[in-house]
Amino acid sequence: MKRSDPRFAGPWLVLGCSYSGALSAWFRTKYPHLVVGSVAPSAPVWAVWDFYQFFDNFAQQAPSSCVSATQAATDKMTLLLQTSAGRRSLAAAFNACEPFDSDADIFNFKYTIVTFLATTAQWENPGSSPNGFQMTQACDILTSSSDYITNWGRAFISLQGIPGKCTSFKFSSFLEPIRKTRLGNIDRSWWWQSCTEFGYFATTHGKKSTIFFPDMTIDVVNSWCSKMFDVDGLTPNVNWTNTNYGGLREGGSNILFTNGVRDPWHTLSINQSPSVGRNVIAVTYDAAHCAPMDAPDPLDPPSLIQARLTISSWIKELLATSRSDA
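Residues numbered from 1 in each chain as written. Predicted model: local features only at pLDDT ≥ 70, side-chain atom pairs only at ≥ 80, totals over all residues. Heavy atoms only, no water.

Q: Can you walk me through the state of the cysteines in this structure?
A: Within the structure shown, the criterion is met by 4 disulfides. Disulfide pairing places Cys 17 opposite Cys 290 at an S-S distance of 1.6 Å. Judged by the torsion about the S-S bond (125 degrees), the Cys 17/Cys 290 disulfide is right-handed. Linking Cys 17 in the loop between β1 (13–15) and α1 (19–30) with Cys 290 in the loop between β6 (280–285) and α12 (302–325), this pair joins segments that are 273 residues apart in sequence. No difference in accessibility class separates Cys 17 from Cys 290, as the two residues are buried. A sulfur-sulfur separation of 2.2 Å characterises the disulfide bridge that pairs Cys 66 with Cys 139. Across the S-S bond of Cys 66 and Cys 139 the torsion is about -80 degrees, and the bridge reads as left-handed. In this pair, Cys 66 sits in helix α3 (residues 64–80) while Cys 139 sits in helix α6 (residues 134–142), placing the two residues 73 residues apart along the sequence. Assigned by exposure class, Cys 66 and Cys 139 land together as buried. (Disulfide = S-S within 2.5 Å. Helix = DSSP H or I, 4+ residues; strand = E, 2+ residues; numbered from the N terminus. Buried < 20%, exposed > 50% of the residue type's maximum accessible area, 1.4 Å probe, protein only.)

Q: Help me out: how do you make sense of the sheet that holds strand β5 (residues 255–260) in this one?
A: Within a beta sheet, neighbouring strands are joined by backbone hydrogen bonds and run either parallel or antiparallel to one another. In spatial order, the strands read β1-β2-β5-β6; together these 4 strands make up an open sheet with parallel pairing. Two strands bound the open sheet, and with one partner strand each, they are β1 and β6. Adjacent strand axes in the sheet meet at a mean angle of 10 degrees, parallel and antiparallel pairs treated alike. Two elements, β5 and β6, share 6 bridges in a ladder whose sense is parallel. (Pairing = 2+ DSSP bridges. Axes fitted to C-alpha atoms, helices over the stretch in contact; angles between N-to-C directions.)

Q: It is not clear to me how the nonpolar core should be interpreted in this structure. Could you clarify?
A: Across soluble globular proteins, you tend to see nonpolar side chains buried next to one another. Counting 73 residues, the largest nonpolar core has Phe 58, Met 77, Phe 94, Ile 113 and Trp 152 as its most contacted members. Residues within four places of Phe 58 in sequence aside, it is in contact with Cys 66, Val 67, Thr 70, Leu 117, Ala 118, Thr 120, Ala 121, Met 135, Cys 139, Ile 211 and Phe 212. Residues Ala 287, Ala 291, Leu 318 and Leu 319 belong to the second largest nonpolar core, which totals 14 residues. (Core = buried A, V, L, I, M, F, W, Y, C linked by side-chain atoms within 4.5 Å. Contact = heavy atoms within 4.5 Å.)

Q: Quick question: what am I supposed to make of the pairing of strand β2 (residues 37–41) here?
A: Note on strand geometry: in a regular strand, side chains alternate between the two faces of the sheet. By the criterion of burial, β2 is predominantly enclosed, with 5 of the 5 residues buried. By the alternation rule, side chains of β2 split into Gly 37, Val 39 and Pro 41 and Ser 38 and Ala 40, which are all buried. Bridging between β1 and β2 involves 3 bridges; their strand directions are parallel. Among the inter-strand pairings, Val 14 is bridged to a residue of β2, identified as Ser 38. As defined by bridge partners, β2 adjoins β5 across 4 bridges and the pair is classed as parallel.

Q: Could you clarify how one ought to interpret the pattern of salt bridges in this entry?
A: Note on pairing: side chains with opposite charge can pair once their charged atoms come close. One pass over the full model with this rule turns up 7 salt bridges. Asp 101 serves as the salt-bridge partner of Arg 87, at 2.8 Å between the closest nitrogen and oxygen. Of this pair, Arg 87 sits in helix α4 (residues 84–93) while Asp 101 sits in the loop between α4 and α5 (103–122); the two residues are 14 residues apart in sequence, bridging distant segments of the chain. We classify Arg 87 as buried; its relative accessible area is 14%. One salt-bridge network, held together by shared partners, links Glu 176, Arg 179 and Asp 230. (Salt bridge = Lys/Arg side-chain N within 4 Å of Asp/Glu carboxyl O.)

Q: Help me out: how do you make sense of the side chain of Lys 110 in this one?
A: The residue Lys 110 is located in helix α5 in this model. Accessibility expressed as a relative area gives 9% for Lys 110, which makes it buried. Setting aside residues up to four positions removed in sequence, Lys 110 forms contacts with Leu 81, Phe 213, Asp 215 and Met 216.

Q: Quick question: what am I supposed to make of the side chain of Ser 42 here?
A: Position of Ser 42 among the secondary structure elements: in the loop between β2 and β3 (48–50). You can call Ser 42 buried: its relative accessible area is 0%. Of note is the side chain of Ser 42, whose polar atom sits 2.8 Å from the backbone nitrogen of Cys 290. Excluding residues that lie within four positions of it along the chain, Ser 42 makes contacts with Ser 18, Thr 258, Asn 259, Asp 263, Tyr 285, Ala 288, His 289 and Cys 290. (Polar contact = N/O pair within 3.5 Å; in protein donor to acceptor, adjacent residues only side chain to side chain.)

Q: Would you take a moment to explain the layout of surface pockets for this structure?
A: What the largest pocket holds in volume is close to 1,200 Å³. Contributing to the lining of the largest pocket are 41 residues, with Tyr 111, Thr 115, Phe 174, Trp 190 and Trp 191 lying nearest its centre. Among the secondary structure elements, those contributing two or more residues to the lining of the largest pocket are α2 (53–61), α5, α8 (171–179), α9 (186–198), β4 (199–201) and α10 (218–229). Counting residues per element, the lining of the largest pocket draws most heavily on α5, at 7 residues. Its residues assigned to classes, the lining of the largest pocket comprises 22 nonpolar, 15 polar and 4 charged. There is about 170 Å³ of room inside the second largest pocket. Lining the second largest pocket we find 15 residues, and of these Asn 125, Pro 126, Gly 127, Gly 132 and Asp 294 sit closest to its centre. In the lining of the second largest pocket, the residues fall into 6 nonpolar, 5 polar and 4 charged. (1 Å grid on protein atoms, 1.4 Å probe; cavity = no way out; pocket = protein on both sides within 12 Å on 5 of 7 lines; lining within 4 Å. Points joined across faces, edges and corners; volume = space filled by probe spheres on them. Nonpolar A, V, L, I, M, F, W, Y, C, P; charged D, E, K, R; others polar.)

Set out below in structure tokens:
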């Protein structure tokens, strides 16, 4: 573009959010002659095989009453899952399309409802219902009575489900769409990257201290890769990824990282400005995923407002310096 039209001569800056935020930072690091800087909100630049922090984050961010309700519901569901009658009651509570009785289906049920609840912390951003403060919404429902399982099901149906439609917890319902080799299958593309380069597999790490099911381990989740792509033993080479791109030892310059402290992905990003003088800046704020890219909201905390101001002033200064150096 720079060569074809003088209007696009630049200087150019790249910006992304989440995975594309990581791409933005890596692009600046790899091609500093093409772009003058990068803004990288919620960028998971550290590839990890076992991303146990994703589930742990919910217990750290949710109110104590919600954490206790989640633990109590998990303990009771563990018992219910051991009998067919108990599984039927859970299927009803979570509006399942069909019974789930095989080990793979039971695991997928547990993994699906836990991922839903943990992900609400990722979207604990200011805004009105149904999109804003999703963890707060989920916890309000979960603690609305002592019937925590029914409440978890209500939260799942209202915040994740499609109104009027059931959810299939069959493992085949999860697996088969990813196995389809059709153009535009973005889930397959993402899982291929996860299974070969990045990992990011959310687990409970086999920890007895988790508020969720402790058997959601990395061995089980990683085994899905072989089933998806028919490659025995397929495991992400996260060491190569971190060596190639730098991981938390980001080696580029003119990069601005922003991260919400409630976001589980901030644990895989850069949250403190390095001491070396490469104009790599880290800004944190009291919200969650990619919040600086959302439209301003009356409920924005001061730290998020300041993060947006920092981004704006940083970009203006960087572009002005680049133009004067040209």
